[in-house]
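Per-entry structural report
Letter by letter, the chains look like this.
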Amino acid sequence: MENWSVDQVCNWLRQRNLGELVPKFREEEVSGAALLALNDRMVQQLVRKIGHQAVLMDLIHKYQQQKSGLETLTYCCETASPKFPEVISGKNLKSFFARYKTLQWTSSYALPDFPYDVKCLLAEKKCPDHSMRIRIIEFLQADMTKYLEGSLYPNSQQYNIVVNALLQAYPFLDEDGNGFLLWKRALKDRFKYVRRPIEDDEQVLRNKCKFGHRRGQTRKSSFAENKPDDVQVQAEEESVHLESSAMDVHIKWLKQEYMKTQRNWKEVDNRMNATTEIRRKMISDKAPLKDILRLFPFLRCPYQLFREFQLLTHMDIYKKTVEILETYSENILSLYVVRNNPINIMLQENLKRHTEEDILKYMKMTAACLLLPDVFGDDSSMFAAVNEEVKVVTPVLEVKNPFSVNSCEFALYVERKELAQLDDCTMALAALVAAFHVFNIPRPKRIHRTLNFLESLVFEQCNLLHTDPVSPQIMAGTSHLHDGAQRVLETLRNSSQRTA
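Presented here is a report on the structure given in the accompanying data block. Counting starts from 1 at the beginning of each chain's written sequence and moves along it residue by residue. Only residues with pLDDT of at least 70 get local features here, since the model is predicted, and only at 80 or more are side-chain atom pairs given and counted; chain-wide, interface and lining totals rely on the full set of residues. By convention in this description, side-chain values take in all heavy atoms of the structure and omit both hydrogens and water.

**Examining the nonpolar core**
Our working definition: Here, nonpolar core refers to any group of buried Ala, Val, Leu, Ile, Met, Phe, Trp, Tyr and Cys residues whose side-chain atoms link them within 4.5 Å. Each residue's exposure class comes from its accessible area (1.4 Å probe, protein chains only) as a fraction of the maximum for that residue type: buried when under 20%, exposed when over 50%, partly exposed otherwise. Numbering of helices and strands starts at the N terminus; helices are DSSP runs of H or I of at least 4 residues and strands are runs of E of at least 2. These domain limits were set by an automatic method or by a database of domain assignments. In what follows, residue pairs with any heavy atoms lying within 4.5 Å of each other are defined as contacts.
Ranked by internal contacts, the top residues of the largest apolar core, which has 84 residues, are F296, L397, L412, L422 and F439. Sorting elements by how many residues they give to this core places helix α21 (residues 425-438) first, with 12 residues. Lining this core are residues from two domains, each supplying at least three of them: domain 3 (249-300) and domain 4 (317-463 + 480-495). Sequence-distant contacts of F296, that is, excluding residues within four places in its chain, are made with I251, L254, T275, I278, R279 and M282. V118, L121, Y159 and V163 belong to the second-largest nonpolar core, a separate cluster that totals 21 residues.

**Overview of the environment of V194**
For V194, the position within the fold is in helix α10 (residues 179-195). The sequence separation of V194 and E138 amounts to 56 residues, and the corresponding C-alpha distance is 9.8 Å. In this structure, V194 is in contact with Q141 and L152, ignoring residues within four places of it in sequence.

**So, the pattern of salt bridges**
Quick note on the threshold: Should a side-chain nitrogen of Lys or Arg be within 4 Å of a carboxyl oxygen of Asp or Glu, the pair is scored as a salt bridge.
Scanning the model with the defined rule gives 20 salt bridges in all. Between K184 and D285 there is a salt bridge, with the nearest N and O atoms lying 3.2 Å from each other. One end of the pair, K184, is in helix α10; the other, D285, is in the loop between α15 (276-284) and α16 (289-295), and 101 residues separate them in sequence. Residues K184 and D285 agree in their burial class; the two are buried. Close ionic contact of R271 with E267 constitutes a salt bridge, the shortest N to O distance being 2.8 Å. Of this pair, R271 and E267 are both found in helix α14 (residues 265-274), four residues apart, which corresponds to roughly one turn of the helix. R271 sits in the buried class, given a relative accessible area of 15%. Taking the relative accessible area as the measure of exposure, E267 reaches 25% and is therefore partly exposed.

Set out below in structure tokens:
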């Protein structure tokens, strides 16, 4: 790729469905060497669409990683010890490269060759019974162990890759949308079962010391001496089965209750509390958002979204957002930087049509909310799409007719899909801030100053720095603001104090 001409780079873009970028790349004379030298800032200047930016950078990174791996492999072959002559000889060299490529299974995992009876059942698209499930799990576990070169400790990402590969190849195994969770749990339980006979092994003991025991304690030696191995295994399997069954019951109930018009919100709260641990584990493991929402659809409700945020931060986000907009809206609208903004102009035109104090206050709070990115020099399209289509994948607001008393609409979008309908600007702003934290989504650089400003106000009254694991990052919000944004923040605070 380093020696490619501009035409070859353009052909490469077309082959990867990036043909829209060809005119710009040809205009800028981007050759193969220039392509590999691109950084994030250059890509943002060359490529307008965020989706194309992400795809292009991913392709470049994958090529660089592949090249680095091949160079390492070539060096290993050239310096191979005479003790292993088969590594560098003829036919075995090809198998050695194949073996190296196979071990890179985390980037492109291939399912194992299942036995004939299993393949026949899967070909008929029949859901397997309990015994057949065990056989499938056993083969997946053995296959993963082979790729891990005998290790019995896969990481969470590797579990996710294997289960995703299984469900993509056989979608009918995703029963009622719970397949990912159930198959992953079964696979992890299988590895735990296989590890039991070697739990006194030196490597296992080192891992326990390093990572800690799951239940915070080890088994007593007297228990192992007095109880047969099969009784111990059966007791653990029954415990895991009961825990799994109870969780499945909660998830099934939540999905059924979400479809009802009259909901038992007290029971919803109880069931959401009972499933908190597994939900947070899925989110921290970067499970697909659609899978999380399929299992926990009540996260689409603003009330549950705010409740989940409060669980993480011990803060009522909606109440704090109302206070922020009531305190700062007048001061934001008086700033010179927003005086000629289209939102402010639209506001002034609509203020002339109404005299009711409540309506005027609501309109000003709505305008202040929408103008926040412009106050801090951020990209407003990453914050809210006003009377236009949502174009970003990160959490963003869709706002239609913001100053119309009867037809204004607010909605929260994540990954370009509507997550929740919202009543007003305060609920919309609270939902936007909460979504980044609840779903553990990194804040885009082009909107981080606005979000830092909001978080600094939300958490400034809370002394969470030493008590809450999430708060150190949040409490540092104002430290991330650049000098200009910091001055704006101080201006707003001072003016609000004078007003008070």
